[in-house]
Amino acid sequence: LAKAEASIEQETIAGFIKLRDRLDSGATLLDNHVALTGFFKVLEELLPTNVRLVSMHLSYESPAKVKFDGSGVAKSFNALAAASSVFAKDGRIKEAIFSSISINKDSSVSFTLSASLDPKIIAFLP
């Protein structure tokens, strides 16, 4: 065993250590990488077709604290209620609060939305 250990070149050992460190760094980067594709897919799945967002803002404090704020227009109050119900039932867009609700001349409903996001929908997954 001592003879086998002595035959290993220091360059080889250094190369393996460098490779291990690079792989660890890559894993750390990927674990902390934010990918919003999942959020947009969930939003597209859940938001009724007669409710649209006009603006949105995402703020990121940590993977566990991602906040979504936006404003939009729904075709009717019932459409907005349906969106609220779907968000509550699904759970990936959490604590959705619709506010500043106003009925427009064409009976559409303007609103603002504030919510937090489940970290799983913004995580990078290969």
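You'll find the structure just up there.
Note that the structure is a prediction, hence the values are computed from the model and not measured. (Residues numbered from 1 in each chain as written. Predicted model: local features only at pLDDT ≥ 70, side-chain atom pairs only at ≥ 80, totals over all residues. Heavy atoms only, no water.)

Some words on the overall build of the protein chain
Put simply, the rule is: Helix and strand definitions here come from DSSP, where helices need a minimum of 4 consecutive H or I residues and strands a minimum of 2 consecutive E residues; each element is numbered from the N-terminal end. Each radius of gyration is computed over the set of C-alpha atoms, and the globule rule expresses the reference value as 2.2 Å times the number of residues to the power 0.38. Burial status follows relative accessibility: with a 1.4 Å probe on protein chains alone, a residue under 20% of its type maximum counts as buried, one over 50% as exposed, and anything between as partly exposed. The contact definition used throughout considers only heavy atoms, calling two residues in contact when any of these lie within 4.5 Å.
Summing up its helical and strand segments, the protein chain has four helices and four strands in all. Tracing the protein chain from N to C terminus, the helices and strands come up as α-α-α-β-β-α-β-β. Rg of the C-alpha trace for the protein chain: 24 Å, well past the compact-globule value of 14 Å for 126 residues, more than 25% over. Projected onto its principal axes, the C-alpha coordinates of the protein chain cover approximately 85 × 20 × 20 Å. By the burial criterion, 24% of the 126 residues in the protein chain qualify as buried. Partitioning the contacts of the protein chain with sequence separation of at least 6, the portion at a separation of at least 24 is 57%.

A word on the side chain of Asp118
What counts here: For the charge count, each Lys or Arg is scored as positive and each Asp or Glu as negative, with His and the chain ends excluded. Within this document, salt bridges are pairs made up of a side-chain nitrogen of Lys or Arg and a carboxyl oxygen of Asp or Glu, the two lying within 4 Å of each other.
Locating Asp118 in the fold gives a position in the segment after strand 4 (109-117). One buried charged side chain, Asp118, makes no salt bridge at all; its nearest oppositely charged neighbour is Lys94, positioned 4.4 Å away.

What to know about the nonpolar core
Across soluble globular proteins, nonpolar side chains have a tendency to be buried as a group. Test applied: Here, nonpolar core refers to any group of buried Ala, Val, Leu, Ile, Met, Phe, Trp, Tyr and Cys residues whose side-chain atoms link them within 4.5 Å.
Counting 22 residues, the largest nonpolar core has Phe39, Phe87, Ile93 and Leu117 as the members making the most contacts within it. Secondary-structure elements contributing two or more residues to this core are helix 3 (37-46), strand 2 (65-74), helix 4 (77-90), strand 3 (93-103) and strand 4. Here this core gets five residues from one element, more than from any other, and that element is strand 4. Excluding residues within four positions of it along the chain, Phe87 makes contact with Leu43, Leu46, Leu47, Ile93, Ala96, Phe98 and Leu113.

So, the pairing of strand 2
The line we're drawing: In this description, strands pair whenever DSSP reports at least two bridges between them.
In the sheet, strand 1 (residues 51-62) pairs with strand 2 via ten bridges, with the strands oriented antiparallel. In the strand pairing of strand 2, Arg52 is matched with Val73. Pairing between strand 2 and strand 4: eight bridges, direction antiparallel. The partner of Val73 across the bridge, within strand 4, is Ser110.

So, the packing of aromatic side chains
Rules: A pair of aromatic rings is counted whenever rings of Phe, Tyr or Trp (Trp by its six-membered ring) have centres within 6.5 Å, and the orientation is called stacked for planes under 30 degrees apart, edge-to-face for over 60 and tilted otherwise.
Enumeration over the complete set of coordinates arrives at four aromatic pairs. A centroid spacing of 5.3 Å and a plane angle of 55 degrees characterise the contact between Phe39 and Phe40, whose relative ring orientation is tilted. Of the residues examined, Phe39 reaches a relative accessible area of 0% and is grouped as buried. Three or more aromatic residues joined by ring pairs make a cluster, and in this case those are Phe39, Phe40 and Phe68.

Section: a nonpolar patch on the surface
Basically, it comes down to this: A patch consists of residues exposed above 30% relative accessible area that lack any salt bridge, with like charges linked at up to 9 Å and nonpolar side chains (Val, Leu, Ile, Met, Phe, Trp, Tyr) linked at up to 5 Å. Each accessible area value is a Shrake-Rupley result obtained with a 1.4 Å probe; residue values ignore everything except the protein chains displayed when judging cover.
Where nonpolar side chains cluster on the molecular surface, the patch consists of Val34, Leu36, Phe40, Met56 and Tyr60 and spans about 400 Å² of accessible area. Take Val34: it is sitting in the loop between helix 2 (10-31) and helix 3.

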